[in-house]
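Residues per chain, in single letters:
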Amino acid sequence: MKVLNRRLLHIIKGSRSQFLGLAVIIAVGISLYIGITTAFFNLSQSQQYFYQENNFADYYFYVVRAPESIIKQVERVPGVSLASGRIQKDVPVWKKDQERATLRLTSYDLPLDKQVNGIELIQGRFFSPYPAGGGIEAMVNPAYFEANGLTFGDTVDIIAENRKYPVKIVGTAAGPEFTYIMKDAANLLPDHETFGIMMLPLNQAQHLFNLPGQFNQLLVQFAPGVDQDRAVQSIKEILTPYGNLASFPRQDQLSHAALEGELEGLEAISLFLPLIFLSIAAAIQFIILRRMIKTQRSQIGIMKALGFDNAQIIFHFSSYAILICTGGALLGIGSGVLMASYFSDLYAMFFNLPRAIGGVNYQVILYSIILSLGLGALAGFSASRPILKISPAESMRPQPPSSSIRSLVEKCNWLWSRLSSSWKMAFRTISRNRFRMLVSILGISSAVALLILSMFTNDAVDYLMDQHFNRESNYDYMLSFNQPIKESELLNISRLEGVELIEGYFTLPIRVYQGGRSEEDVLVGIHPSSTLKHPTREDGTFIPIPQEGMLISRRSAERLGLKVGDTVELETLLGLGPNRYAQLKIVSINYQLFGNESYVSLAQANRIIHESQLITGALIKVDPGRAAGIEKALSDMTGINSIVSRQKERDNILSMMDSMIYMVGVMIIFSVILGFVIVYNSAIMGFNERKRELASLLTLGFTRQEVAGIMWKETIPQALPALVLGLPAGKVLAELYFSSMQFDMWYMPVVIYPLSYALAALGGLVFVLLGQWAASRGIKKLDIIELSKNID
Amino acid sequence: MNQDLLMQLKGVSKTYVMGEIRVEALKESSLDIYRGEILVILGPSGSGKSTLLNLIGGMDRPSNGDIVYKNRHLSQASDQQLTQFRRHEIGFVFQFYNLISDLTAEENVALAAELVKNPLPTREVLSQVGLEQRRDHFPSQLSGGEQQRVSIARAMVKNPTLLLCDEPTGALDFQTGISILQLLKQTRDTMGSTVIIVTHNTAIGAMADRLVRMRSGEIAEIIVNESPLPPERIEW
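Residues numbered from 1 in each chain as written. Chains lettered and ligands numbered in written order. Predicted model: local features only at pLDDT ≥ 70, side-chain atom pairs only at ≥ 80, totals over all residues. Heavy atoms only, no water.

## Quick word on unusual backbone geometry
Stated formally: Note on conventions: DSSP H or I runs of at least 4 residues are helices, E runs of at least 2 residues are strands, and numbering of each starts at the N terminus.
In the segment running from A:Leu110 into A:Pro111, the intervening peptide bond is cis, with an omega of -5 degrees. Position of A:Pro111 relative to the elements: it lies in the loop between strand 4 (100–108) and strand 5 (120–124). A positive phi is found at A:Asn117, a non-glycine position, where the angle reads about 55 degrees. Mapped onto the elements of the fold, A:Asn117 is located in the loop between strand 4 and strand 5. In this model, B:Asn159 sits at a positive phi of 55 degrees, which is unusual for a non-glycine residue. Along the polypeptide, B:Asn159 turns up in the loop between helix 5 (144–156) and strand 7 (162–166).

See below:
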């Protein structure tokens, strides 16, 4: 066996560039597998652990106010295993830099072990319900703490029920509902500077909001395997007298939906993406080995004649593939662990999970070794099968002529007769190696498709940003008020120097009923003449605001199966005054990218709540030169709950996108490597098996460039259709990827700009040129003197 | 015999350096080649005959000496010029044919025809070598003799001045070998090409106008054959 091993080393040495290229492809596949799977595994495990430890709620019920005694009643509902009441409300914060932020005050009753949606201390200490020196103690989420440069012991001024309260920050904490902290679905990304979570004792919250012995949110955990719908129905009935505003399951909880979306995306690509690389590498190994066995037929015969048995020879040849995979796996494990740590850092930036989500996952590494060795063995053993049929005596004779080497193009007589001999040669060679051609075409198209997949997220986000910031919303600031005001009161703001345009709006939480089903939604009333905010159709064009009827949100339309022309019943869930009911006709469906809002005219919104000219917020367009002054003036106004600056939102998204650029770059490099190795291998195999023929062309008087041209002619009919095929394949891949992680909070259209197609095609062209160039370098070394020597 | 001088080799030698070993494949030799002659270069293996043929055919440059072809000094020609020389002046026939396996007999010939401006008609050349009926066959479907005929047709189609044959009958049985030699003679007779045959088979020398004997990397003697035998009368 030692001699065979040495022979194997010679073979590897002789084809070292192919060997190395394939090992790199395997390494890329393995590192993607380890990187993504480790990230998925770790993220999903810390999610589950965090959820379990802190009794993450299965269902949320929002009420106007309800007595704590109700909780016992809810806990008696069959199927309910745990229920907690709490107070949660958004309050404006006056920051030291005069800027506005919003904190979501969330109350907790100590001890926490029986609390649904508990929290864990990250740093500092827990709040005390009754601090020694009086006042209020609270904890905030670490990201808000950091983004606002807070230290323990600092006080934060909040406004609750129109009164300012200083709150002392004593610690930071994390909870399962705060892993991805966003104010609402109208945001794409968190902005920790202007939005955070403040956790404080229940008694203090009840005091702040004047709700003694009461709560405004009920969180419920169900026992496993119960009929949730029935339990939810019973709880709703219990809560009805207390103004049941909204209720939704865990899957609609924003933070959970974002985390799940990411996990689903990761899971979808964790196997699929590495498999593209690994299966192409395996297919090429198969082709190389088959070729090797064919050309070394007589040597195999000699080995058999010498007394080596089939198993030894098969193992000898298969070892070539197994060694490629071993080398690839070793390389891949190293870079995979690095990639996993990069992903973990990235996720740590996005998701607030207290348990470490980094770390090497040995199980995944073990799987990757099994995966790569299994693939190598599969490619090796299946390619080595013909060895069984080689008999020592026969192998010494020349091989019978291959049966069909006529090309498909020959069927088209007109074209064939016009082709030069070198083109005929190319087409015949291709059709003689159909499997190799198929692998080349599939491989090159996959590489181009991966290039598109790498680049399209940028397009999608760019489109999203453009659509959102430049078309759907034209305002510079969005204000929301502590309570509804008359539109005429906007005069105070419109008089500020630099305010160019101001439009009031009314936001109304609603429940939409349709055929026994219902869905919570947000109805926004704006002026039909509004230029600062535009609902849009699926193709991105604006929908005019109708005087009568509504533009329903895509999500509600999809969930309730509604279509244009249907009439739906709405119930308002404002929490102020009685709930109102109205019947509205659906005029159109709103495909706005952020926020899932339904629209009516401002007058219609007022009619629904039996009011007139009320607004809950305003959109402002300002002179950019005076923006800072206006922002300052707005910050000083009481009655304003929050100020959202569009510029800041945009900057925040852009800075978050920056962190993705490395991943895009890495994926582009991986795709180009894949394409390069495919083209190089295919061309070098063609070159090696026809060295003698190509050299004979030189004796005929062909120049070396003309010989290189003949090699090109073999590559072009494979590369060109593959490049073209790769473009739509990339779109399909992008669609599959998005549909795998499509959560209905956000509507993410697959947008691929022509530039990305062009760049992907260019990238494809680059790897084809590079691969072909690398393979044709051998032409320079072709020795025509060798021709007069014996064959073999 | 026509004494129109076609090529002159003046004191050419060839030394190959392989690592630390220097192999003197051809010692200083001089040879005149005339238009329309059949020149047979005879010698055992290692005698330098193939090296000499490669130098004549512009496949290699001499280490020393000069090769003059139609007033051109091939010994100083660039790669590009040598390629042009092979393309327009030379036809090569090898022992192992070296046909393109993916092209039919006719296409193999056409491939060479595409290289020059005024090639002979492919079909005509194929019929001259007796392969008109087999023109659609691939090399793997042809016998050795047939493949060698394709190889000769491929060389002829460019209408070369020099037809260089390296052991053209080496891989063939006696009968087939004789028919190939007949074909080569016929080529010289009809087209006026100079035919140079390199072989270790002394019997073939009988058909030559001149015979070059080589030994240990040098020309031992040059014999003018006043009465060359027709190939069909040769035996080995």
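## As for the pattern of salt bridges
All names here are of chain B. Using the following cut-off: Within this document, salt bridges are pairs made up of a side-chain nitrogen of Lys or Arg and a carboxyl oxygen of Asp or Glu, the two lying within 4 Å of each other.
A full pass over the atoms with the stated rule returns 41 salt bridges over all chains. Residue Asp209 pairs with Arg188 through a salt bridge whose shortest N-O separation is 2.7 Å. Here Arg188 lies in helix 6 (residues 174–191) and Asp209 lies in the loop between strand 8 (194–199) and strand 9 (210–215), a separation of 21 residues in the sequence. Each of Lys185, Arg188, Asp189 and Asp209 takes part in salt bridges that share partners, so that together they form one network.

## Considering the pairing of strand 20 (residues 640–645) of chain A
Residues and elements named next belong to chain A. For clarity, the cut-off: Buried residues are those whose accessible area, probed at 1.4 Å on protein chains only, stays under 20% of the maximum for their type, while exposed residues exceed 50% and partly exposed ones sit between those limits. Two strands qualify as a pair provided that DSSP identifies no fewer than 2 bridges between them.
Counting buried positions along strand 20 gives five out of six residues, so the element sits mostly inside the fold. Where strand 12 (residues 477–486) meets strand 20, five bridges bridge the pair, whose relative direction is antiparallel. Considered in strand 20, the bridge of Tyr477 is made with Ser645.

## Some points on the packing of aromatic side chains
Residue and element names in this part refer to chain A. Put simply, the test is: Each Phe, Tyr or Trp ring, with Trp reduced to its six-membered ring, pairs with another whose centre is within 6.5 Å; inter-plane angles below 30 degrees give stacked pairs, above 60 give edge-to-face pairs, and intermediate values give tilted ones. A positively charged side chain is recorded as over a ring if its NZ (Lys) or CZ (Arg) lies within 6 Å of the ring centre. The angle to the ring normal must also be within 35 degrees.
One pass over the structure, following the stated rule, counts 21 aromatic pairs over all chains. Residues Tyr60 and Phe248 carry aromatic rings whose centres are separated by 5.0 Å and whose planes lie at 10 degrees to one another, so their mutual orientation is stacked. Separated by 188 residues along the polypeptide, Tyr60 in strand 1 (residues 59–67) and Phe248 in strand 11 (residues 244–249) bring together distant segments of the chain. Taken as a pair, Tyr60 and Phe248 share a single burial class, namely buried. Aromatic side chains Phe286 and Phe435 sit 5.6 Å apart centroid to centroid with 75 degrees between the ring planes, which places their arrangement in the edge-to-face category. Separated by 149 residues along the polypeptide, Phe286 in helix 7 (residues 254–295) and Phe435 in helix 14 (residues 434–472) bring together distant segments of the chain. With relative accessibility at 18%, the residue Phe286 sits in the buried group. Each residue in the set Tyr180, Tyr342, Phe343, Tyr347 and Phe351 is aromatic and connected to the rest through ring pairs, giving one cluster. For the cation-ring pair, Arg777 lies above Trp773, with the distance from its terminal atom to the ring centre recorded as 5.5 Å.

## Considerations on the packing of helix 2 (residues 16–53) of chain A against helix 9 (residues 310–350) of chain A
Packed helix pairs are specified by the crossing angle of their axes together with the interaxial distance, meaning the distance between the axes. Residue and element names in this part refer to chain A. Threshold: Axis definition: a line fitted to C-alpha atoms, limited for helices to the stretch in contact. Angles are taken between N-to-C directions and run from 0 to 180 degrees. We call a crossing left-handed when the near helix sits turned anticlockwise from the far one by less than a right angle, and right-handed when that turn is clockwise. Polarity classes work like this: nonpolar for Ala, Val, Leu, Ile, Met, Phe, Trp, Tyr, Cys and Pro, charged for Asp, Glu, Lys and Arg, and polar for all others, with Gly in that last group.
Closest axis-to-axis distance for the helix 2/helix 9 pair is 5 Å, and the angle between their directions is 35 degrees. In the packing of helix 2 onto helix 9, the handedness of the crossing is right-handed. Looking at the contact of helix 2 with helix 9 residue by residue, the classes come out as 23 nonpolar, seven polar and no charged.

## Some details on the domain arrangement of chain A
All names here are of chain A. Heads up, the rule is: Note: domain ranges come from an automatic or database domain assignment. Contacts: residue pairs with any heavy atoms within 4.5 Å of one another. Summed over both partners, the accessible surface that disappears when two parts come together, traced with a 1.4 Å probe, is what is meant by buried area. Here a polar contact means two N or O atoms within 3.5 Å. Within protein one must be a hydrogen donor candidate and the other an acceptor candidate, and residues neighboring in sequence count only if both atoms are side-chain atoms.
When its domains are assigned, chain A resolves into domain 1 (1–54 + 253–400), domain 2 (55–250), domain 3 (433–473 + 647–792) and domain 4 (499–622). Measuring from the centre of the C-alpha atoms in domain 3 to the corresponding centre in domain 4 gives 47 Å. On the domain 4 side, the residues contacting the 12 residues of domain 3 number 16 residues. Between domain 3 and domain 4, a total of about 1,400 Å² is buried, with carbon and sulfur atoms accounting for 53% of that surface. Joining domain 3 to domain 4, the criterion identifies zero salt bridges. Taken together, domain 3 and domain 4 are joined by four residue pairs in polar contact (both at pLDDT 80 or more).

## Considering the confidence of the model for chain A
Threshold: The pLDDT value expresses, per residue, how confident the predictor is, ranging between 0 and 100.
On average, chain A scores 89 in pLDDT, and the residues at 70 or more come to 96%. Mean pLDDT across the elements of chain A ranges from a minimum in helix 11 (residues 392–395) of chain A, with 78, to a maximum in strand 6 (residues 136–140) of chain A, with 96.

## Section: the sheet that holds strand 1 of chain A
Residues and elements named next belong to chain A. Reading across the sheet, the four strands line up as 2-10-1-11 and stay open at both edges, with antiparallel pairing between neighbours. Strand pairing shows two members of the sheet lacking a second neighbour, strand 2 (80–86) and strand 11, which therefore form its edges. Recorded for the sheet is a direction-independent mean angle of 25 degrees between the axes of neighbouring strands.

## Comments concerning the interface of chain A and chain B
Between chain A and chain B, the residue contacts involve 30 residues of the former and 31 residues of the latter. In total, about 2,800 Å² of surface goes out of reach between chain A and chain B, with carbon and sulfur atoms giving 56% of it. Looking at the side of chain A facing chain B, the largest losses of area belong to A:Ser421, A:Leu700 and A:Ile785, adding up to 21% of the total buried there. The closest approach of N and O atoms between B:Glu107 and A:Arg428, which form a salt bridge, is 2.5 Å.

## Considering helix 2 of chain A
Given 3.6 residues per turn, any residue in an α-helix points the same way as the ones three and four places further on. All names here are of chain A. Definition in use: How far a helix is expected to stretch is found by multiplying one less than its residue total by 1.5 Å.
Relative to the 56 Å expected for 38 residues at 1.5 Å per residue, helix 2 spans 53 Å between its end C-alpha atoms, a close match to the ideal helical length. Burial runs high along helix 2: 28 of the 38 residues are buried. One or two positions beyond helix 2, positive phi appears at Asn55, with a value near 50 degrees.

## Comments concerning the nonpolar core
Put simply, the rule reads: In this text, buried Ala, Val, Leu, Ile, Met, Phe, Trp, Tyr and Cys residues form a nonpolar core when linked through side-chain atoms within 4.5 Å.
Ranked by internal contacts, the top residues of the largest apolar core, which has 121 residues, are A:Leu32, A:Phe317, A:Tyr320, A:Ile444, A:Leu450 and A:Leu674. If one sorts the elements of this core by residue count, helix 7 of chain A sits on top with 21 residues. Residues within four places of A:Ile444 in sequence aside, it is in contact with A:Ile678, A:Val679, A:Ala719, A:Ala722, A:Leu723 and A:Phe767. By size, the runner-up hydrophobic cluster in this structure holds 87 residues, among which are B:Ala105, B:Val125, B:Leu131 and B:Ile204.

## Side note on a nonpolar patch on the surface
Residue and element names in this part refer to chain A. As a reminder of what qualifies: Residues enter patches when their relative accessible area tops 30% and they take part in no salt bridge; the joining distance is 9 Å for like charges and 5 Å for the nonpolar side chains Val, Leu, Ile, Met, Phe, Trp and Tyr. Surface accessibility follows the Shrake-Rupley procedure with a 1.4 Å probe radius. Residue values consider only the protein chains on display as shielding.
Where nonpolar side chains cluster on the molecular surface, the patch consists of Leu755, Leu759, Leu762, Leu765, Val766, Leu769, Leu770 and Trp773 and spans about 770 Å² of accessible area. As for its placement among the helices and strands, Trp773 is situated in helix 23 (residues 754–776). In this structure Trp773 comes out as exposed when scored by relative accessible area, which is 55%.

## Regarding the environment of A:Glu267
Tracing the backbone through its elements, the reader meets A:Glu267 in helix 7. Here A:Glu267 falls in the partly exposed class, since its relative accessible area comes to 48%.

## Things to note about the side chain of A:Lys424
Just so we agree on the cut-off: For the purpose of charge, His is not counted, nor are the chain termini; Lys and Arg are scored as positive and Asp and Glu as negative.
By the element assignment, A:Lys424 lies in helix 13 (residues 421–432). Summary of buried charges: A:Lys424 has no salt-bridge partner, and the nearest side chain of opposite charge, B:Glu107, is 4.2 Å away. Look past the residues within four positions of A:Lys424 in its chain and what remains in contact with it is A:Trp416, A:Leu419, B:Leu103 and B:Glu107.

## Observations concerning the sheet that holds strand 2 (residues 21–34) of chain B
All names here are of chain B. Strand order in the open sheet made by the four strands is 2-1-4-5, with antiparallel pairing throughout. Both edges of this open sheet fall to strand 2 and strand 5 (72–73), since each of them pairs with a single strand only. By the bridge criterion, two bridges tie strand 4 (residues 64–69) to strand 5 in an arrangement that is antiparallel. By the bridge assignment, Val68 is partnered in strand 5 with His73.

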